[in-house]
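# Examining the three-dimensional arrangement
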Amino acid sequence: MPSDLDLLVELGRVAWAAARLHAGVRDSINKHSGSTSMAPFELTLGQAIADLEKRATINGRADQVEWVRDFGRPASHRRNGVIHAVTFTAPDRKQAIGTVDMSPPGRFLAPDLRAVTLALIEASMKLPT
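Just so it is clear, the model here is predicted, and its values are computed rather than measured. (Residues numbered from 1 in each chain as written. Predicted model: local features only at pLDDT ≥ 70, side-chain atom pairs only at ≥ 80, totals over all residues. Heavy atoms only, no water.)

### Quick word on the side chain of Ser-76
Within the secondary structure layout, Ser-76 lies in helix α3 (residues 62-83). Aside from chain neighbours lying at most four places away, what touches Ser-76 is Leu-45, Gly-46 and Ile-49. (Helix = DSSP H or I, 4+ residues; strand = E, 2+ residues; numbered from the N terminus. Contact = heavy atoms within 4.5 Å.)

In structure tokens form, the structure reads like this:
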């Protein structure tokens, strides 16, 4: 399978950081519902963030509602741009990935992927418990 090997590690980091964020959001939802972390969980990251926002609103957790707006949803959108990207051969003849709608950055280079990873990590670290 043709690929740009320089991107594979960074893509893995995006996926791992997104999975860690997803676990944190799941744990926050479970605290609202009294479930354990071992309870079945089938929501996507976007669905989980929306569910957390709903539960946080009902339970008066303005800090979590603000987190959804300021960190959770923006990080999820950036992750989606990467995860739903398409492959193509770039003008420099390298295999590349880019946003479906060509929104910025258009083509993801290693620094762009690192920025997405950092946004996901920041969202995880700032998630109020």
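### Details of the nonpolar core
The nonpolar side chains of soluble globular proteins are, as a tendency, buried together. By size, the foremost hydrophobic cluster in this structure holds 23 residues, and its most contacted members are Leu-21, Val-25, Trp-67, Leu-113 and Leu-120. Of all elements in the fold, only α1 (5-33), α2 (45-58), α3 and α4 (110-126) reach the threshold of two or more residues within this core. Discounting residues that sit within four places of it in the chain, Leu-21 has contacts with Leu-45, Trp-67, Ala-75, Leu-120, Ala-123 and Ser-124. (Core = buried A, V, L, I, M, F, W, Y, C linked by side-chain atoms within 4.5 Å. Buried < 20%, exposed > 50% of the residue type's maximum accessible area, 1.4 Å probe, protein only.)

### Some remarks on a nonpolar patch on the surface
On the surface, a nonpolar cluster with roughly 340 Å² of combined accessible area is contributed by Leu-118, Ile-121 and Met-125. With respect to the helices and strands, the residue Leu-118 is situated in helix α4. In this structure Leu-118 comes out as exposed when scored by relative accessible area, which is 56%. (Patch = residues over 30% accessible without salt bridge, like charges linked within 9 Å, V, L, I, M, F, W, Y side chains within 5 Å. Areas by Shrake-Rupley, 256 points an atom, 1.4 Å probe, with all protein chains shown as cover. Salt bridge = Lys/Arg side-chain N within 4 Å of Asp/Glu carboxyl O.)

This is a description of form; function is not addressed.
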